[in-house]
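# Chain and residue survey
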Amino acid sequence: MNLALIQDGYPPAIVPPILRVDYVSLLERAHRDDRDFMEFIAEREFESQKEMLRLFQIPFPREGQE
């Protein structure tokens, strides 16, 4: 999954240990319907990007700001 994200220009999506059970459960269900898994990964990607901005002390733009 992270290889595909990186190849498309995104940073890896970090799944913290506290969310591993949710990740595995959603991944197993994704064989039937992948919507919830996709939403989970999108949220993890968003949070990972915010964490990188915090790490480099770059202000996170708020909605409505450019």
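Each remark here, short or long, concerns the structure printed above.
Notes on the structure follow. All figures in this text were calculated on a predicted structure; none of them were measured in a lab.

What follows is about the nonpolar core. Listed in full, the 8 residues of the largest apolar core are Val15, Leu19, Tyr23, Leu26, Ala30, Phe37, Phe40 and Ile41. Elements represented by at least two residues in this core include exactly helix 2 (20-29) and helix 3 (35-55). Among the elements that line this core, the one with the most residues is helix 3, at 3 residues. Excluding its chain neighbours within four sequence positions, the residues that come into contact with Phe40 are Val15, Leu19, Asp22, Tyr23 and Leu26.

What follows is about the pattern of salt bridges. One side chain can pair with another of opposite charge once the charged atoms of both are near each other. The tally for this structure, following the rule as stated, stands at 4 salt bridges. Residue Glu47 pairs with Lys50 through a salt bridge whose shortest N-O separation is 3.2 Å. Of this pair, Glu47 and Lys50 both sit in helix 3, 3 residues apart, which is roughly one turn of the helix. Among the residues examined, Glu47 registers a relative accessible area of 22% and is labelled partly exposed.

Look at helix 2 against helix 3: their axes get within 8 Å of each other, and the N-to-C directions meet at 145°. As for the relative orientation of helix 2 and helix 3, their crossing is left-handed in sense. Taking contact as the criterion, the partners of Asp22, Tyr23, Leu26, Leu27 and Arg29 in helix 2 are, on helix 3, Asp36, Phe37, Phe40 and Ile41. Here the residues of the contact of helix 2 with helix 3 are counted per class, giving 6 nonpolar, no polar and 3 charged.

The next thing to look at is the side chain of Glu45. Considering the arrangement of structural elements, one finds Glu45 in helix 3. Buried Glu45, no salt bridge; nearest opposite-charge side chain is Arg44, N-O distance 9.1 Å. In this structure, Glu45 is in contact with Leu5, Tyr10, Pro11, Pro12 and Ala13, ignoring residues within four places of it in sequence.

Thresholds applied
- Residues numbered from 1 in each chain as written.
- Predicted model: local features only at pLDDT ≥ 70, side-chain atom pairs only at ≥ 80, totals over all residues.
- Heavy atoms only, no water.
- Core = buried A, V, L, I, M, F, W, Y, C linked by side-chain atoms within 4.5 Å.
- Buried < 20%, exposed > 50% of the residue type's maximum accessible area, 1.4 Å probe, protein only.
- Helix = DSSP H or I, 4+ residues; strand = E, 2+ residues; numbered from the N terminus.
- Contact = heavy atoms within 4.5 Å.
- Salt bridge = Lys/Arg side-chain N within 4 Å of Asp/Glu carboxyl O.
- Axes fitted to C-alpha atoms, helices over the stretch in contact; angles between N-to-C directions.
- Left-handed = near helix turned anticlockwise from the far one by under 90°.
- Nonpolar A, V, L, I, M, F, W, Y, C, P; charged D, E, K, R; others polar.
- Lys, Arg positive; Asp, Glu negative; His and termini not counted.

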